[in-house]
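Descriptive structure summary
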Amino acid sequence: MDPTDNPNGNSLGKQGDYPRLLTEIKERIRSAQYEALKAVNKELVGLYWDIGRMIAERQETEGWGKSVVKRLSADLRQEFPGVSGFSVQNLWYMRQFYSEYHGNERLQPLVGEIAWAHNLVIMSKCKDPLEREFYLRMTRKFGWSKNVLLHQIDNQSYEKSLLGQTNFDRALTPELRAQAKLAVRDEYTFDFLELGEDHSERELERSLIARIEDFLRSMGGMFAFMGSQYRLEVEGKEFFIDLLLFHRRLRCLVAIELKIGEFLPEFVGKMQFYLTALDRQVRQADENPSIGIILCKEKNRTIVEYALHDARKPMGVATYEITRTLPKSLQGQLPSPQEIAHLLEDL
């Protein structure tokens with residue numbers, strides 16, 4: 001037998017590339033599976049759309065009531081016993097699905113890009129068209145699971161993303177700007193932590209690391225954990241970043257500084273130093289510039305605006321809460337519908 005045919009043979013020189021070959025083939029298989037799943041999902045959502053349309057049209061022209069939908073459900077389940085999805089409740093969802101989206105040119109093309117279960121969540125929990133568009137686009141772009149989507153909606157990610165205070169308009173390229181704005185929110189909710197109102201920065205950091213999966217999910221689901229108290233050395237002196245993450249979609253390092261008190265302008269200078277050191281010592285050649293998040297318990301929005309005005313390195317200032325409430329001071333302060341629509345178009 002030719003030793004090159006045996007993975008345990010001695011011709012290592014000829015087989016040194018085998019792990020790479022296996023990795024490439026596995027990635028291609030996963031890609032094909034994903035594309036097949038997307039095609040099946042799009043067909044299913046299209047089917048439900050058509051059923052909803054036919055029910056809505058018949059109700060309008062023939063005056064159909066609830067009894068007809070109930071009968072239709074029974075007949076469909078009898079005709080297609082191995083196919084789920086034809087319950088009375090789901091048929092009504094199909095009708096609602098069609099009725100709420102068929103006249104919306106912006107949303108109608110998006111609903112076929114995500115799963116039916118995700119559509120039901122967005123349709124039931126979000127009533128504002130721009131809010132629906134936000135979650136439709138984010139689910140499609142980031143591949144959120146149903147549970148992650150529910151968490152994002154309950155955590156008011158729509159409002160908190162659009163209110164964010166950053167300097168990304170000046171510090172990032174147009175290609176990264178919109179993506180970064182959606183990745184860095186104005187407020188984060190860590191309701192999974194068991195911390196009292198009075199806690200130290202070290203206690204906050206340890207608690208976040210102890211619940212690392214919950215922490216990364218609350219940050220948006222596209223972050224990877226790189227380390228805590230991440231060590232940097234500059235001219236023989238040591239410096240430590242509280243938390244270092246990596247954003248998979250932005251392809252950049254994200255430094256997080258935890259502050260249990262109110263935001264102070266001097267925090268910006270310290271973060272600029274960290275980002276410069278990361279870019280020069282840690283960032284890979286194919287990665288984008290590092291981004292910083294200064295995470296405080298409280299902040300004055302005017303002071304933050306002034307502090308970020310001349311900052312060169314991309315960063316944002318956010319607050320954290322351990323309850324699911326949007327601060328009263330921010331309610332009613334969302335950008336105009338035109339500004340929100342423009343941001344969503346950049347996705």
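Structural data are supplied above this passage.
Please read these numbers as outputs of a predicted model, since none were measured by experiment. (Residues numbered from 1 in each chain as written. Predicted model: local features only at pLDDT ≥ 70, side-chain atom pairs only at ≥ 80, totals over all residues. Heavy atoms only, no water.)

Looking at helix 8 (residues 146-154)
One full turn of an α-helix is made of 3.6 residues, so residues set three or four places apart face in the same direction. Burial in helix 8 covers these residues: Val148, Leu149, His151, Gln152 and Ile153. Tucked into the core, helix 8 has its buried residues touching helix 6 (116-125), helix 7 (129-142), helix 9 (157-162) and helix 13 (212-219). Once helix 8 finishes, Gln156 follows within two positions and takes phi at roughly 60°, a positive value. (Buried < 20%, exposed > 50% of the residue type's maximum accessible area, 1.4 Å probe, protein only. Helix = DSSP H or I, 4+ residues; strand = E, 2+ residues; numbered from the N terminus. Contact = heavy atoms within 4.5 Å.)

What to know about the pattern of salt bridges
Pairing of side chains with opposite charge becomes possible as their charged atoms draw close. For the structure on display, the rule yields 22 salt bridges. Across the salt bridge formed by Arg53 and Asp50, the nearest N and O atoms sit 3.8 Å from each other. Placement of the pair is Arg53 and Asp50 together in helix 2 (residues 18-62), with a separation of three residues, close to one helical turn. Of the charged contacts in the structure, one is a salt bridge between Glu233 and Arg231, with a shortest N-O distance of 2.6 Å. Because the salt bridges share partners, they merge into one network encompassing Asp50, Arg53 and Glu57. (Salt bridge = Lys/Arg side-chain N within 4 Å of Asp/Glu carboxyl O.)

Comments concerning unusual backbone geometry
The backbone of Gln229 sits at a positive phi, close to 45°, despite the residue not being glycine. Tracing the backbone through its elements, the reader meets Gln229 in strand 3 (residues 223-234). At Glu235, a residue that is not glycine, the phi angle is positive and equals roughly 50°. On the secondary structure map, Glu235 appears in the loop between strand 3 and strand 4 (237-247). Residue Glu235 is classed as exposed on the basis of its relative accessible area, which comes to 78%.

Some thoughts on a nonpolar patch on the surface
Judged by side-chain polarity, Tyr18, Leu21, Leu22, Ile25 and Ile29 come together as a nonpolar surface patch covering roughly 440 Å² of accessible area. Among the structural elements, Ile25 can be located in helix 2. (Patch = residues over 30% accessible without salt bridge, like charges linked within 9 Å, V, L, I, M, F, W, Y side chains within 5 Å. Areas by Shrake-Rupley, 256 points an atom, 1.4 Å probe, with all protein chains shown as cover.)

What about empty space enclosed by the protein?
Considering all chains together, one arrives at one cavity of 30 Å³ or more under this definition. As a volume, the largest cavity reaches approximately 110 Å³. Taken together, 16 residues form the lining of the largest cavity, with Met138, Leu182, Ala183, Met219 and Gly220 sitting closest to its centre. Looking at the lining of the largest cavity, the elements that each hand over two or more residues are helix 7, helix 9 and helix 11 (174-183). Among the elements that take part in the lining of the largest cavity, helix 7 stands out by supplying three residues, more than any other. Its residues placed into classes, the lining of the largest cavity shows nine nonpolar, six polar and one charged. Of the residues that make up the lining of the largest cavity, three or more belong to each of domain 1 (34-160) and domain 2 (164-326). (1 Å grid on protein atoms, 1.4 Å probe; cavity = no way out; pocket = protein on both sides within 12 Å on 5 of 7 lines; lining within 4 Å. Points joined across faces, edges and corners; volume = space filled by probe spheres on them. Nonpolar A, V, L, I, M, F, W, Y, C, P; charged D, E, K, R; others polar. Domains from an automatic or database assignment.)

A word on the side chain of Lys313
The topology assignment puts Lys313 in the loop between helix 15 (301-308) and strand 7 (315-321). A relative accessible area of 17% places Lys313 in the buried class. A distance of 3.0 Å separates the side chain of Lys313 from the side chain of Asp279, its partner in a polar contact. (Polar contact = N/O pair within 3.5 Å; in protein donor to acceptor, adjacent residues only side chain to side chain.)

Overview of the environment of Ile114
Note that Ile114 resides in the loop between helix 5 (108-111) and helix 6. A C-alpha to C-alpha distance of 8.4 Å links Ile114 and Val45, two positions 69 residues apart in sequence. Ignoring anything within four residues of it in the chain, the contact list for Ile114 reads Asn41, Val45, Asn119, Ile122, Leu136, Thr139 and Arg140.

A word on the packing of aromatic side chains
Counted by the stated rule, this structure contains 14 aromatic pairs. Between the aromatic rings of Phe134 and Tyr135, the centroid separation amounts to 5.0 Å while the plane-to-plane angle is 85°, which identifies the pairing as edge-to-face. Accessibility assignment for this pair places Phe134 and Tyr135 in one class, buried. In this structure an aromatic cluster arises from ring pairing among Tyr48, Trp49, Phe97, Tyr98, Tyr101 and Trp116. The aromatic ring of Tyr320 is capped on one face by Lys297, whose charged end is 5.4 Å from the ring centroid. (Phe/Tyr/Trp six-rings, centres within 6.5 Å; stacked < 30°, edge-to-face > 60°. Lys NZ or Arg CZ within 6 Å of the ring centre and 35° of its normal.)

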